[in-house]
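Read off the chains here:
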Amino acid sequence: MKVLDFLKSYPLIGAPLAGITNYPFRKLVRLFYNGLIFTEMVSVEGVKRGNRQTLKLIDVKSDENPVGIQLFGGNPDSFSEAVRVIEDNFDFFCFDINMGCPVKKVLKSKAGAYLLTDLKTAMGIISAVRKATRKPLFVKTRLGWDEKNLVYKEILKICEGEGVDILTIHGRTKSQLYSGKVNYDAIAEIKSLSKIPIIGNGDVVDLKTFALMKNTGVDAVMIGRGMMKSPWIFKSLMDNKDPLGYLKPEETKNTLFFLLDEEKRFRNGKYFLAPFKKYAVWFSKGFKNSSDFRVKIYSTDDENKIRELIDDFYK
């Protein structure tokens, strides 16, 4: 199936989120949606070195495809080598090149949004990955480093020229980070100019913001923070309903227990409560006494107690 045909069937996409879109969370999303979801971003240098923790991020299971693998780095040769390693060892749907992450650690490695300031290297990376794989190739980027240095048109031309299949555009600059208004006009402009499919990204958390993004004319919509706090958002939006209040209390409880069991299994029964707690808190939004529940969840490290708290809260 061609990528665009796939997107027509599944027009919502789960964004790559560091510390969130690991196997347990992706499996949870599969309870509600069968479209594309990305791994956490993966260091090409870590893949090259065979780093165990890096490779664990891309250990895609047979029961969760389609999954995309997002790569970040600043060296075209490292991308080429990482692509070969991944293709030889894992089964997945597509690659994505991160050209938008604004985190300082990523910028220091001349990766992510740093590439917005070095389009020559950006083109070299895209070219290297395109030559190394026949898998669908996505690029995820931002409008530019700041308002005075908008480069989204240049990036589009590079992507079109180097054979990229899909361009995802986050409607903010690097300087905005994750605050400030999404520039829907710029997203609409890039869609009108583009010869390849465009995915819109930025602040899609409910029906209103979903409609704003769709009105730009994009071919699909990527959801990040809205997904991590409501992984059922894909199903709710497809059902034309807001995610807040979409699940009944019993359904929310079962969702949390599912994720708790998956996190425990994924981490071999060790240190699984800390990463799980944030979901217990996030999913409680909109329910009565959620602030009190939040305090209780964070005040204990006993698994049985946490299960009791969840069970009592969602009665």
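This report concerns the structure included in the present document. On a predicted model such as this, the values are computed, not experimentally measured, just so you know.

This next bit is on the overall build of the chain. Along its length, the chain carries 16 helices and 9 strands. Radius of gyration (C-alpha) of the chain: 19 Å, near the 20 Å computed for a compact globule of 315 residues. By its C-alpha atoms, the chain is 55 × 45 × 35 Å across when sized along the principal axes. Within the chain, buried positions represent 54% of all 315 residues. In the chain, 69% of the contacts between residues at least 6 apart in sequence involve partners at least 24 apart. For the chain, the computed accessible surface area is about 14,700 Å², with 49% contributed by carbon and sulfur atoms. Each charge class in the chain was averaged separately, 51 positive and 38 negative side chains, and the resulting centres sit 3 Å apart.

What follows covers the packing of aromatic side chains. Enumeration according to the criterion identifies 17 aromatic pairs in this entry. Their ring planes at 70° and their centres at 6.1 Å tell us that Phe287 and Phe313 sit as a pair that is edge-to-face. One end of the pair, Phe287, is in the loop between α14 (273–282) and α15 (290–298); the other, Phe313, is in helix α16 (residues 303–313), and 26 residues separate them in sequence. The ring centre of Tyr23 lies 5.8 Å from the NZ or CZ of Lys61, which sits over that ring. Positioned above the aromatic ring of Tyr178, the side-chain terminus of Arg142 is 5.0 Å from the ring centre.

Below, the discussion takes up the pairing of strand β4 (residues 67–72). Of all 6 residues in β4, 6 are buried, a share of seventy percent or more. Residues of β4 alternate between two faces, with Val67, Ile69 and Leu71 on one and Gly68, Gln70 and Phe72 on the opposite face, all of them buried. Here strand β2 (residues 37–38) runs beside β4; their pairing, made up of 2 bridges, is parallel. For Phe38, the partnering residue across the bridge sits in β4 and is Gly68. Both β4 and strand β5 (residues 94–99) contribute to a ladder of 4 bridges, which runs parallel. Among the inter-strand pairings, Ile69 is bridged to a residue of β5, identified as Phe95. In this fold, β4 hands off to helix α5 (residues 76–89), which returns the chain to β5; that crossover is right-handed.

Cut-offs used in this document
- Residues numbered from 1 in each chain as written.
- Predicted model: local features only at pLDDT ≥ 70, side-chain atom pairs only at ≥ 80, totals over all residues.
- Heavy atoms only, no water.
- Helix = DSSP H or I, 4+ residues; strand = E, 2+ residues; numbered from the N terminus.
- Rg over C-alpha atoms; globule rule 2.2 N^0.38 Å.
- Buried < 20%, exposed > 50% of the residue type's maximum accessible area, 1.4 Å probe, protein only.
- Contact = heavy atoms within 4.5 Å.
- Areas by Shrake-Rupley, 256 points an atom, 1.4 Å probe, with all protein chains shown as cover.
- Lys, Arg positive; Asp, Glu negative; His and termini not counted.
- Charge placed at Lys NZ, Arg CZ, Asp CG, Glu CD.
- Phe/Tyr/Trp six-rings, centres within 6.5 Å; stacked < 30°, edge-to-face > 60°.
- Lys NZ or Arg CZ within 6 Å of the ring centre and 35° of its normal.
- Pairing = 2+ DSSP bridges.
- Right-handed = clockwise from strand over helix to strand, strands pointing away.

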